[in-house]
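Commentary on secondary and tertiary structure
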Amino acid sequence: MRVLFVTSEAAPLVKTGGLADVSGALPSALRRLGDDVRVLIPGYPQVLKALGTFKIEAFVAAAEGFPDFRLLTSEFSEGVPLWVIDCPLLYQREGGIYQDSMGDDWSDNALRFGLLSKVAAMLGSPSSPVEWKPEVVHCNDWQAGLTPAYMHFVPDSAPCVMTVHNLAFQGVFPPQTVEELALPEGSFHPHGAEYYGNLSFLKAGLYYARHVTTVSPTYAEEIQSEELGFGLQGLLKNRSKSLTGILNGIDTEEWDPATDQALAQTYSLVKMTGKAANKLALQKLMGLTVDPAVPLLGLVSRFTHQKGVDLVLEVAPELIATKAQLVLLGSGDAVLQNQAKALAKEYPGQIAVMIGFDEKLSHLIEAGIDLFLMPSRFEPCGLNQMYSQRYGTPPIVHATGGLVDSVVDCTPDTLAKLSATGFVFSEMTAQGLLACIQRALVVYQDKKSWGKLLSAGMSKDFGWQASAMKYHEIYEAALSTKE
Ligand code: ADP
Ligand code: GLC
């Protein structure tokens, strides 16, 4: 199966969140199953720099409404072929990939990701200037949402699969964008890309794709409800027969405590001693009081409302009162960042905060802490709860989305069955989180139970293979269903 995988970020080239992890790992997993998957990504400076050398595909093209660009080819992780859209006017700039250095969205994001969508549509159409033709185009998140809309109006184009990684981000732009991006007029319709008078990239994708997937079975149900449908629940309910939840996997080579170069000492289920060395190294590095006995809790996250970071900050003083320590790594909302920094100042040696994005530190935190905090209000899938289970660090999670599908709550029953891997709470309040932490700390004191919990989490198979097979089946289904 020839598949074009369209994404706005892919690890290790460029990453702001879990979409990059998925784009870095799923294409290789599919290739291992025999599918010819190629990735299409914008040519941000990070991407061009990381690739170093590339081949210029034989054309410099102009698509109606867009600046000229070149299509470059290269390879990334495990030899996955990569297509890069080199359009300096849109992508060569300092700052983030979605936002400027002040944290404001780039004012031309519609054009920047309109071009990504448009190039994918060109490559998937019969008149593509490139010899290699995909049988299926796999679009990820709103940034690739217009691809199915462009392709719907070009006869004999390949079918699209649209994957939603987070329904909270929809790419909504004013109506004149339709003309600027030369979108077929017929698509600007409530039964199409129009969303209350504006253009919605994500809605376009959800409406025109042959099949829609999201990143966990529970989230696939949740987005059909008013509470988590972000206004698109009606459309998603209508599409429920072609809507599938496939749980993300993780890159088990990148995230392996037995070989991880970012750790102070590697370890595995049969030789756990190294984990303690990571705790000491982390305590030292972050200026926490070095003490192997004190429970150390941590979080690595975007600082946003979605992730429930506010609740962690709220319970922090009570947590510290129980003699636990806390380490936080993340960035985002300025108010949350300032509150976190203030707490670190108030509780030196007990709370440590690092504002920023630090891949290496995130690995050391997963290894060095005892419990991982992930009280997300909603979570399409979430990856850190899986990384932490693999690192012998039980996660404490809110019962939502992919967290429900990947963590087994510790109860006397699940502990006895050796299936418990973490702690799940339902009441999304500071009290609910605190009660769950307290429950976890009781188990932490009981060495035998703790050992069972770690062992169940560390032996779980979070690899991509099973999920990659499900994506392959979706591609097959998309190919065989008629519009
Ligand atoms: P989301 O994509 O919603 O942010 P996920 O749990 O799916 O959430 O993925 C987040 C990814 O980004 C994980 O790999 C996580 O380790 C990483 N990450 C988030 N914040 C940071 C940070 N400040 N430093 C390093 N890695 C981070
Ligand atoms: C999104 C979601 C996260 C998911 C990731 C990768 O960023 O917020 O839950 O794990 O995409 O699919």
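Keep in mind the model is a prediction, meaning the values are calculated, not measured. (Residues numbered from 1 in each chain as written. Chains lettered and ligands numbered in written order. Predicted model: local features only at pLDDT ≥ 70, side-chain atom pairs only at ≥ 80, totals over all residues. Heavy atoms only, no water.)

**Observations regarding unusual backbone geometry**
Let me state the cut-off plainly: Helix numbering and strand numbering both begin at the N terminus, where a helix is a DSSP run of H or I of at least 4 residues and a strand a DSSP run of E of at least 2.
In this model, A11 is joined to P12 through a cis peptide bond whose omega is 5°. Along the chain, P12 falls in the loop between β1 (2-6) and α1 (18-32). You will see that E78, though not glycine, has its phi angle at about 55°, which is positive. Here E78 is to be found in the loop between β4 (69-76) and β5 (80-86). With a phi angle near 75°, K323 is a residue other than glycine that sits in the positive phi range. Among the structural elements, K323 can be located in the loop between α11 (309-321) and β14 (325-332).

**What about the side chain of Q143?**
Stated precisely, the cut-off is as follows: It only takes one pair of heavy atoms within 4.5 Å for two residues to be counted as in contact.
Mapped onto the elements of the fold, Q143 is located in the loop between β6 (136-140) and α5 (146-152). Look past the residues within four positions of Q143 in its chain and what remains in contact with it is S8, Y98, F113, L116, S117 and F201.

**Section: the pattern of salt bridges**
Note the following rule: We define a salt bridge as a side-chain nitrogen of Lys or Arg found within 4 Å of a carboxyl oxygen belonging to Asp or Glu. Exposure classes here rest on a 1.4 Å probe applied to the protein chains alone. A residue is buried below 20% of its type maximum, exposed above 50%, and partly exposed in between.
Counted according to the given criterion, the structure contains 14 salt bridges. Residue E359 pairs with K15 through a salt bridge whose shortest N-O separation is 3.4 Å. Of this pair, E359 sits in helix α13 (residues 359-368) while K15 sits in the loop between β1 and α1, placing them 344 residues apart in sequence. The class for E359 is partly exposed, based on a relative accessible area of 31%. The exposure class of K15 is partly exposed, given its relative accessible area of 23%. In this structure, E78 engages R32 in a salt bridge whose closest nitrogen and oxygen atoms are separated by 2.6 Å. Taken together, the residues span a long stretch of sequence, with E78 in the loop between β4 and β5 and R32 in helix α1 at a distance of 46 residues.

**Some details on the sheet that holds β14**
For clarity, the threshold we go by: Strand pairing is assigned whenever DSSP detects at least two bridges linking the two strands. Lines are fitted to the C-alpha atoms to define the axes, a helix being fitted only along its stretch in contact, and any angle between axes, read from their N-to-C directions, falls within 0 to 180 degrees.
Strand order in the open sheet made by the six strands is β15-β14-β13-β16-β17-β18, with parallel pairing throughout. A single partner strand is all that each edge strand has here, and the edge strands are β15 (351-355) and β18 (423-425). Ignoring which end each strand starts from, the neighbouring axes of this sheet average 20° apart. Sheet topology places β14 next to β15; five bridges connect them, and they run parallel. Residue pairing for β15: V327 is matched across the bridge by A352. Its contacts with the sheet put helix α12 (residues 334-346) on β13 (296-303), β14 and β15, and the angle it makes with β15 is roughly 145°.

**Describing the side chain of K275**
Our working definition: Note that His is not counted, nor are the chain ends; the positive residues are Lys and Arg, and the negative ones are Asp and Glu. Nitrogen and oxygen atoms within 3.5 Å of one another constitute a polar contact, given that in protein one can donate a hydrogen and the other can accept it, and given that sequence-neighbouring residues count only through two side-chain atoms.
As for its placement among the helices and strands, K275 is situated in helix α10 (residues 273-286). Of the side chains with opposite charge, D370 comes closest to the buried, unpaired K275, at an N-O distance of 5.2 Å. For K275, the side chain forms a polar contact with the side chain of T393, separated by 3.0 Å. Contacts of K275, omitting those with residues within four sequence positions, involve Y267, E366, A367, G368, I369, Y391, G392 and T393.

**A few points about the pairing of strand β7 (residues 160-164)**
Cut-off, in case you're wondering: Orient the strands so they point away from the viewer; a crossover is then right-handed if the path from the first strand over the helix to the second runs clockwise.
β7 sits mainly inside the fold: five of its five residues count as buried. Side chains C160, M162 and V164 project from β7 onto one buried face, and the interleaved V161 and T163 project onto a second face that is buried too. Assessed by its sense of winding, the connection that carries the chain from β6 through α5 to β7 is right-handed.

**So, the layout of surface pockets**
Going by this rule: In this analysis a 1.4 Å probe is tested at points of a 1 Å grid over the protein atoms alone, and where it fits but cannot get out there is a cavity; an open set with protein on both sides within 12 Å along at least five of seven lines is a pocket; lining residues have an atom within 4 Å of a point. Grid points are joined across faces, edges and corners, and a volume is the space filled by probe spheres set on the points. Nonpolar residues are Ala, Val, Leu, Ile, Met, Phe, Trp, Tyr, Cys and Pro. Charged residues are Asp, Glu, Lys and Arg, and all others, Gly as well, are polar. Boundary definitions for the domains trace back to an automatic or database domain assignment.
In this structure, the second largest pocket spans a volume of roughly 550 Å³. Lining the second largest pocket are 28 residues, with G24, A25, D251, T252 and E254 positioned closest to its centre. Elements that contribute at least two residues to the lining of the second largest pocket include exactly α1 and α19 (465-480). Of the residues forming the lining of the second largest pocket, the biggest block, eight residues, is contributed by α1. Residues belonging to the lining of the second largest pocket are distributed by class as follows: 13 nonpolar, seven polar and eight charged. Counting residues domain by domain, the lining of the second largest pocket receives three or more from each of domain 1 (2-249 + 465-480) and domain 2 (273-459).

**A word on the state of the cysteines**
Let me state the cut-off plainly: When two cysteine sulfur atoms lie within 2.5 Å, the pair is treated as a disulfide.
Going through the model one piece at a time under the given rule, you end up with zero disulfides. Looking at the unpaired C381, the closest cysteine sulfur is the one in C436, lying at 19 Å.

**A few points about the site of ligand 1**
Applicable threshold: By convention in this text, a residue qualifies as near a molecule or strand provided that one of its non-hydrogen atoms is within 4 Å of it. Calculation of accessible area relied on Shrake-Rupley with a 1.4 Å probe; when residues are assessed, cover is drawn exclusively from the protein chains displayed.
Neighbouring ligand 1 are 21 residues, the closest being K15, G18, R302, K307 and G356. Between ligand 1 and R302, the relevant distance is 2.8 Å, taken from an oxygen atom to a side-chain nitrogen or oxygen of the residue. At 2.8 Å from an oxygen atom of ligand 1 is found a side-chain nitrogen or oxygen belonging to K307. Relative to its free-state accessible area of 560 Å², ligand 1 is covered by the protein chains to the extent of 93%.

**Thoughts on the domain arrangement of the protein**
As a reminder of what qualifies: Once two parts are joined, some of their accessible surface, as seen by a 1.4 Å probe, is lost; buried area is that loss totalled over both.
By domain assignment, the protein separates into domain 1 (2-249 + 465-480) and domain 2 (273-459). Using only C-alpha atoms to locate each centre, domain 1 and domain 2 end up separated by 32 Å. Tallying the contact residues gives 19 residues for domain 1 and 17 residues for domain 2. On the domain 1 side of the contact with domain 2, K15, T218 and L247 bury the most area, a combined 29% of that side's loss. Where domain 1 meets domain 2, there are one salt bridge. Going through the elements one at a time, α1 and α8 (217-222) are the ones with two or more residues in the side of domain 1 that touches domain 2. Here the side of domain 1 that touches domain 2 gets four residues from one element, more than from any other, and that element is α8. Of the residues that constitute the side of domain 1 that touches domain 2, the class distribution is eight nonpolar, eight polar and three charged.

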